[in-house]
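Residues per chain, in single letters:
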Amino acid sequence: SPTGMALSVLVILLLSVLYEAVKMGKAVLLRRALLALPRSLSQEALTEPQEEASSPAQGSPSLMVFPTFFPRWFWFHMGQTLCHVVQVVLGYMVMLAVMSYNAWIFLGAITGSTLGYFM
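Predicted model, so just to flag it, every value in this text is computed and none were measured.

1. Focus on the overall build of the protein chain
For the protein chain, the count of helices and strands is 5 helices and 0 strands. For the protein chain, the N- to C-terminal ordering of α and β elements is α-α-α-α-α. Within the protein chain, the proportion of its 119 residues that are buried is 22%. Sequence-distant contacts in the protein chain: of pairs separated by 6 or more residues, those separated by 24 or more amount to 79%. A total accessible area of about 8,900 Å² is found for the protein chain, and carbon and sulfur atoms account for 72% of it.

2. Comments concerning the UniProt feature "transmembrane region" (unreviewed entry) in the protein chain
Sequence positions flagged by UniProt for "transmembrane region" (unreviewed entry) are, in local numbering, residues 6–22. Structurally, residues 6–22 comprises 100% helix and 0% strand, and the distance from its first C-alpha atom to its last is 24 Å.

3. Focus on the nonpolar core
In terms of nonpolar packing, the biggest core is built from 9 residues, these being Val9, Ile12, Leu15, Val22, Leu90, Val94, Ala97, Ile105 and Ala109. Among the elements of the structure, helix H1 (2–36), helix H4 (72–98) and helix H5 (103–118) are those that each provide at least two residues to this core. When residues in this core are grouped by element, the largest group, 4 residues, is from H1. Not counting the four nearest positions on each side in its chain, Ile12 is found in contact with Ala97, Ile105, Gly108 and Ala109.

4. What about the side chain of Ser16?
Note that Ser16 resides in helix H1. Owing to a relative accessible area of 3%, Ser16 belongs among the buried residues under this scheme. For Ser16, the contacting residues outside a window of four places in its chain are Val94, Gly108, Ala109, Gly112 and Ser113.

5. Some details on the packing of H1 against H5
Here H1 crosses H5 at 35°, and the two axes come no closer than 7 Å. Our pair here, H1 against H5, has a crossing hand that is right-handed. Contacts between H1 and H5 involve Met5, Ser8, Val9, Ile12, Leu13, Ser16, Val17 and Glu20 from the first element and Trp104, Ile105, Gly108, Ala109, Thr111, Gly112, Ser113, Leu115, Gly116 and Tyr117 from the second.

6. Overview of the confidence of the model for the protein chain
With 75% of its residues at a pLDDT of 70 or more, the protein chain shows a mean pLDDT of 79. Of all the helices and strands in the protein chain, helix H3 (residues 61–65) carries the lowest mean pLDDT, 51, while H5 carries the highest, 92.

7. Re the pattern of salt bridges
Inspection of every chain in the model, using the stated rule, returns 1 salt bridge. Here Glu20 makes a salt bridge to Lys23, at a shortest N to O gap of 3.2 Å. Of this pair, Glu20 and Lys23 both sit in helix H1, separated by 3 residues, roughly a single helical turn. Using a relative accessible area of 5% as the deciding quantity, one classes Glu20 as buried.

8. Quick look at the packing of H4 against H5
The N-to-C vectors of H4 and H5 enclose an angle of 150°; their axes lie 8 Å apart at closest approach. By the angle between their directions, the pair H4 and H5 is classed as roughly antiparallel. For the pair H4 and H5, the contacting residues are Val94, Ala97 and Val98 in the first and Ile105, Phe106 and Ala109 in the second. Class assignment for the residues of the contact of H4 with H5 results in 6 nonpolar, no polar and no charged.

Each value, and the rule that gives it
Residue numbering note: each chain is counted from 1, following its sequence as written. This being a predicted model, a pLDDT of at least 70 is required before a residue's local features are given, and a value of 80 or more before pairs of side-chain atoms are given or counted; all residues contribute to the totals for chains, interfaces and linings. For the side-chain quantities, the full set of heavy atoms in the structure was used; hydrogens and water were omitted. A helix here means a DSSP run of H or I that spans at least four residues, while a strand means a run of E at least two residues long, and both kinds are numbered starting from the N terminus. Residue burial is assigned from relative accessible area. The probe radius is 1.4 Å, only protein chains are included, and a residue is buried under 20% of its type maximum, exposed over 50%, and partly exposed in between. Note on contacts: a residue pair is in contact if any heavy atoms of the two residues lie within 4.5 Å. We get accessible surface area from the Shrake-Rupley algorithm with a probe of 1.4 Å; when it comes to residues, only the shown protein chains can shield them. UniProt positions are given in the numbering used here, feature names are shortened, and annotations may be inferred rather than shown by experiment. Here the nonpolar core consists of buried residues drawn from Ala, Val, Leu, Ile, Met, Phe, Trp, Tyr and Cys, with membership extended through side-chain atoms lying within 4.5 Å. All axes here are fitted lines through C-alpha atoms, helices being fitted over the stretch that makes contact, and every angle between N-to-C directions spans 0 to 180 degrees. With the far helix as reference, a near helix turned anticlockwise by less than a right angle produces a left-handed crossing, and one turned clockwise produces a right-handed crossing. pLDDT is a residue-level measure of predictor confidence that goes from 0 to 100. Note on definitions: salt bridges are taken to be side-chain nitrogens of Lys or Arg within 4 Å of carboxyl oxygens of Asp or Glu. Orientation categories follow fixed angle ranges, with anything under 35 degrees roughly parallel, anything over 145 roughly antiparallel, 65 to 115 roughly perpendicular, and all other angles oblique. Under the grouping applied here, Gly and all other residues not named as nonpolar or charged are polar, the nonpolar ones being Ala, Val, Leu, Ile, Met, Phe, Trp, Tyr, Cys and Pro and the charged ones Asp, Glu, Lys and Arg.

This is how it looks when you write it as structure tokens:
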């Protein structure tokens, strides 16, 4: 039906926009991860967290919320990994839709990718 086709094209368009947004978010996370890396890449600098002079007590609630045994760059790397998984899944979904060889679906994917990159 025409309504179903229009909704399908709209969904593919939105998936393509989301794919481009995730791709840009991944680039931002990469930049932040590179800035969070220590200047010296020695083993001690990578494994030791960057703490202030005073450390919180063992029973402190802040210790329970954000564990300090992982350095800051590790959390950025985890965020990049999750963004990559979302990007791959969205990419395969758009690819499968385009592989239906429907011209309207193809145009929706191209338009969504263009809009997502423009934004």
